[in-house]
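# Architecture at a glance
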Amino acid sequence: MSTDILNKLQTLQKNSNKRLSPVVKTIIHDNSKPRALVKSVLVANGNYATVPVKGAPSLTTSNNTDVNRRVRTFTAGSEHIVDKLNKDLLGGESYPILTTALGIATGAVSAGAGLVFTLANTGLSLANTASKVLARPGDEIWHHEKIGKEGDKIIYVSAFFIVDPYRRTSSTKGWLIHEEREEISLS
Amino acid sequence: MITTLYKALTYACFCVFVLASCGQEPENNNAIKNSDFIELCNIYQDISKSTVDLTTKEMMLTENVLNKLPTLFNKLFIHINNNNANSRYRLIQEYAKQQNQLVWECKAASHYYETNFK
């Protein structure tokens, strides 16, 4: 079963290592349903395992390995939240610019796959294109979840992007601000 | 002969003692204490009294647990916070029972997750 699943999954690109603090992450994720693809389950000795919500066999279907959703819009009145996020973003990190071709603005699942997989088609390297980014009122937060592979390991990726909805047609409109990865347990 | 046998026996006992000592579990100072679960409930009580919006409440909750209960945060809270809100209270109870043999009941936490989320 594990081999069948691995064969169907795409190889992930390198981890961007963009990390926000756990407190700030609560500002940008969906508070009710933070993750759509996986859940944490308590196993032996107080440890947690990350497992697919719909079970291991579901990973052979792309619908269960790729979700892209808008989780927040910074409206008027949310300035204190934007300030908190921006303080974290100013913590010395710079953030890579992504292109419209990756499809995050439309939420297209197939196009969105490029966000965390190979960027060969775009000619864009996450490591080489860096720019300071701050959130502004009106900006959106998009959460892209993906299950892929690194060698023989099945990996869950949770990535958050700031998107400016007024520049959707621009060539640069999405900024990766947070990424985390966990190995998926199938047992 | 008897002296040699006595020495060998003493040495064997010493070795057994050393090996047994090595196999002992070190005292776990990094475990969540029962008192941490009481403090966790206090945090939920304080947050519930607040009249701010849900995002701010969640931020305050996470900040308080991280600052006041760092061990509980790293071993438990960070994981349950990745799960759906309607399962979090049960997950804390599950952990308290498995690791501390504690039946954790906290009306403030239960009410928080029942009323604040869609």
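Here goes a summary of the coordinates provided. Since this is a predicted model, take the numbers as computed values, not measurements. (Residues numbered from 1 in each chain as written. Chains lettered and ligands numbered in written order. Predicted model: local features only at pLDDT ≥ 70, side-chain atom pairs only at ≥ 80, totals over all residues.)

### What about the interface of chain A and chain B?
Selection rule: Contacts are defined on C-beta atoms placed from the backbone: any two residues whose C-beta positions lie within 7 Å are in contact. In this text, helices come from DSSP runs of H or I with a minimum length of four residues, and strands from runs of E with a minimum of two, each type numbered from the N-terminal end. Throughout this entry, Asp, Glu, Lys and Arg are counted as charged residues, while Ala, Val, Leu, Ile, Met, Phe, Trp, Tyr, Cys and Pro are counted as nonpolar. The remaining residues, Gly among them, count as polar.
In this assembly, 15 residues from chain A lie in contact with 22 residues from chain B. Of all elements in the fold, only α2 (22-28) and β1 (38-42) of chain A reach the threshold of two or more residues within the side of chain A that touches chain B. With four residues, the top contributor of residues to the side of chain A that touches chain B is α2 of chain A. Grouping the constituent residues of the side of chain A that touches chain B by class yields seven nonpolar, five polar and three charged.

### Section: the pairing of strand β2 (residues 48-52) of chain A
Put simply, the rule is: Our exposure labels follow a C-beta count within 10 Å of each residue's own C-beta, placed from the backbone: buried means 20 or more other C-beta atoms, exposed means 12 or fewer, and partly exposed covers the counts in between. Strand pairing requires that DSSP identify at least two bridges connecting the strands.
Where burial is concerned, the two faces of β2 of chain A differ: the one with Tyr48, Thr50 and Pro52 of chain A is buried and the one with Ala49 and Val51 of chain A is not. Connecting the antiparallel pair β1 of chain A and β2 of chain A is a turn made up of five residues, with asparagine 45 of chain A showing a positive phi of about 60 degrees.

### Looking at helix α3 (residues 79-89) of chain A
Residues and elements named next belong to chain A. As a reminder of what qualifies: As used here, the arc is the angular range of directions from the helix axis to the C-beta atoms.
Looking at α3, one finds that the buried residues are Ile81, Lys84, Leu85 and Leu89. Down the axis of α3, the buried set is contained in an arc of 140 degrees. They therefore lie on one face. Along α3, exposed side chains directed more than 90 degrees from the buried face belong to Glu79, Asp83 and Lys87.

### Quick notes on unusual backbone geometry
Although it is not a glycine, asparagine 17 of chain A sits at a positive phi angle of roughly 60 degrees. Looking at the element boundaries, asparagine 17 of chain A is found in the loop between α1 (2-8) and α2.

### Details of helix α2 (residues 34-49) of chain B
Residues and elements named next belong to chain B. Basically, it comes down to this: Here, expected helix span is obtained from the residue count minus one, scaled by 1.5 Å.
Look at α2: 24 Å from first C-alpha to last across 16 residues, which is about the 22 Å you get at 1.5 Å a residue. All buried positions along α2 are accounted for by Asp36, Phe37, Leu40, Ile43, Tyr44 and Ile47. Seen end-on, α2 carries its buried residues on one side only, within an arc spanning 110 degrees. Residues Asn34, Ser35, Ile38 and Lys49 are exposed on α2 and point more than 90 degrees away from its buried face. Residues of α2 that are buried in the fold lie against α3 (54-68), α4 (70-80), α5 (85-100) and α6 (107-115).

### Things to note about the nonpolar core
Selection criterion: A set of buried Ala, Val, Leu, Ile, Met, Phe, Trp, Tyr and Cys residues, joined to one another through C-beta atoms within 7 Å, is what we call a nonpolar core.
Ranked by internal contacts, the top residues of the largest apolar core, which has 31 residues, are Leu85, Tyr156, Phe161, Ile162 and Ile177 of chain A. Ranked by the residues each element gives to this core, the list is headed by strand β7 (residues 153-163) of chain A, at nine residues. Not counting residues up to four positions away in its chain, the partners in contact with leucine 85 of chain A are Val24, Ile27, Ile28 and Ala135 of chain A. Ile43, Ile47, Leu61 and Phe77 of chain B belong to the second largest nonpolar core, which has 22 residues in total.

### Topic: the packing of α5 of chain B against α6 of chain B
Geometrically, a packed helix pair is captured by the angle between its two axes and the distance between the axes. Residues and elements named next belong to chain B. Cut-off, in case you're wondering: All axes here are fitted lines through C-alpha atoms, helices being fitted over the stretch that makes contact, and every angle between N-to-C directions spans 0 to 180 degrees. Roughly parallel means an angle under 35 degrees; roughly antiparallel means over 145; roughly perpendicular covers 65 to 115; every other angle is labelled oblique. Crossing handedness is read from the near helix: turned anticlockwise from the far helix by less than a right angle, it gives a left-handed crossing, and turned clockwise, a right-handed one.
The interhelical angle for the contact between α5 and α6, taken along N-to-C directions, is 160 degrees, at an axis separation of 8 Å. Relative to α6, α5 is oriented roughly antiparallel. The crossing of α5 and α6 is left-handed. Where α5 abuts α6, its residues Ala85, Asn86, Arg88, Tyr89 and Ile92 lie against Ala109, Ser110 and Tyr113. Within the contact of α5 with α6, the residues separate by chemical class into five nonpolar, two polar and one charged.

Taken by themselves, the reported measurements are silent on function.
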